[in-house]
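Observations on the three-dimensional arrangement
Now for the letters of each chain:
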Amino acid sequence: MTSPPAPTPGAPAGSEVTIPIRRQVTPPSVHQTVRLMYAGAVLSVLAALVELHARDDIRASLERHNAHTGGRRLGAHDISDAAGFTVSFMVCAAILSAILWLALAWGIRHGSRRARLFGTVLAVLCVLKVYGTITQGGTPVLGVLVDLAQLAVAVAVTVLMWSRRSAAHFEPPARDLG
């Protein structure tokens with residue numbers, strides 16, 4: 001890869017010099033990070049499938065919660081609508097998560113420092129999601145296992161992205177001046 005031609009000071013007009021840009025060899029830790037991000041995308045799709053089948057569990061959880069609230073209680077139709085909305089929201093979030101995993105994998109593979117930051121943010125969101133899953137209850141066991149697997153992948157990805165072995169991959173390319 002070379003940079004665009006630049007005029008040489010003191011040289012006649014029309015004479016240009018190109019400066020080649022050297023990219024470091026991608027470290028194995030970055031390749032491993034990208035593969036783990038692909039696994040995170042697959043787990044997100046699996047989470048969407050689990051959410052599709054969790055409507056009855058969500059409805060039962062809403063009914064239990066509704067029975068213990070004071071004041072206005074929801075009717076069966078309202079609970080069914082709330083369960084449907086919750087499932088739809090969770091499926092959309094899981095699909096968006098898969099798309100983010102893939103986009104960030106592409107960015108990491110190409111040395112994007114922004115992708116590394118956004119990947120860290122995605123890992124924090126994964127921690128919050130797992131915390132919510134565990135504390136709220138009503139999630140099927142398979143859903144909890146998928147969330148825990150996603151958390152493990154997110155933590156591994158974050159550690160690999162920020163390791164010293166990967167640091168050089170995210171530095172701007174060095175110009176070869178000679």
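Reference entry: report on the structure contained in this document. (Residues numbered from 1 in each chain as written. Predicted model: local features only at pLDDT ≥ 70, side-chain atom pairs only at ≥ 80, totals over all residues. Heavy atoms only, no water.)

Let's shift gears to the packing of aromatic side chains. Counted according to the given criterion, the structure contains one aromatic pair. Directly above the ring of Trp162 sits Arg116, whose terminal nitrogen or CZ lies 4.0 Å from the centroid. (Phe/Tyr/Trp six-rings, centres within 6.5 Å; stacked < 30°, edge-to-face > 60°. Lys NZ or Arg CZ within 6 Å of the ring centre and 35° of its normal.)

The next subject is a nonpolar patch on the surface. Taken together, the side chains of Ile134, Val141, Leu142, Leu145 and Leu148 make up a nonpolar region of the molecular surface, amounting to roughly 490 Å² of accessible area. For Leu142, the location among the structural elements is in helix α5 (residues 141-161). (Patch = residues over 30% accessible without salt bridge, like charges linked within 9 Å, V, L, I, M, F, W, Y side chains within 5 Å. Areas by Shrake-Rupley, 256 points an atom, 1.4 Å probe, with all protein chains shown as cover. Salt bridge = Lys/Arg side-chain N within 4 Å of Asp/Glu carboxyl O. Helix = DSSP H or I, 4+ residues; strand = E, 2+ residues; numbered from the N terminus.)

For α5, built from 21 residues, the straight-helix expectation of 30 Å at 1.5 Å per residue is met to within 8% by its first-to-last C-alpha distance of 30 Å. Every buried residue belonging to α5 is among Gly143, Val146, Asp147, Gln150, Leu151, Val153, Ala154, Val157, Thr158, Leu160 and Met161, and all of these are buried. Its buried side turned inward, α5 meets α1 (28-52), α3 (76-109), α4 (113-136) and α6 (164-167). (Expected span 1.5 Å × (residues − 1). Buried < 20%, exposed > 50% of the residue type's maximum accessible area, 1.4 Å probe, protein only. Contact = heavy atoms within 4.5 Å.)

A word on the pattern of salt bridges. For the structure on display, the rule yields two salt bridges. The salt bridge partner of Arg59 is Asp56, with a shortest N-O separation of 3.5 Å. Pair noted here: Arg59 and Asp56 are both in helix α2 (residues 55-67), with a separation of three residues, about one helical turn. We classify Asp56 as exposed; its relative accessible area is 54%. Between Asp147 and Lys129 there is a salt bridge; the shortest N-O distance is 2.6 Å. Taken as a pair, Asp147 in helix α5 and Lys129 in helix α4 lie far apart in primary sequence, 18 residues in all. Residue classification places Asp147 among the buried positions, given a relative accessible area of 5%. A relative accessible area of 29% means that Lys129 is categorised as partly exposed.

Packing of α4 against α5 brings their axes to within 9 Å, and their N-to-C directions diverge by 150 degrees. Here α4 lies roughly antiparallel to α5, going by the angle between them. The chirality of how α4 crosses α5 is left-handed. Contact residues: Arg116, Gly119, Thr120, Ala123, Cys126, Val127, Lys129, Val130, Thr133 and Ile134 in α4; Val144, Asp147, Leu148, Gln150, Leu151, Ala154, Thr158 and Met161 in α5. (Axes fitted to C-alpha atoms, helices over the stretch in contact; angles between N-to-C directions. Parallel < 35°, antiparallel > 145°, perpendicular 65-115°, else oblique. Left-handed = near helix turned anticlockwise from the far one by under 90°.)

Below, the discussion takes up the layout of surface pockets. What the largest pocket holds in volume is close to 840 Å³. Lining of the largest pocket is provided by 31 residues; of these, Glu51, Met90, Lys129, Thr133 and Asp147 occupy positions nearest its centre. Ranked by residues supplied to the lining of the largest pocket, first place goes to α3 with nine residues. Along the lines of polarity and charge, the residues of the lining of the largest pocket split into 16 nonpolar, 12 polar and three charged. (1 Å grid on protein atoms, 1.4 Å probe; cavity = no way out; pocket = protein on both sides within 12 Å on 5 of 7 lines; lining within 4 Å. Points joined across faces, edges and corners; volume = space filled by probe spheres on them. Nonpolar A, V, L, I, M, F, W, Y, C, P; charged D, E, K, R; others polar.)

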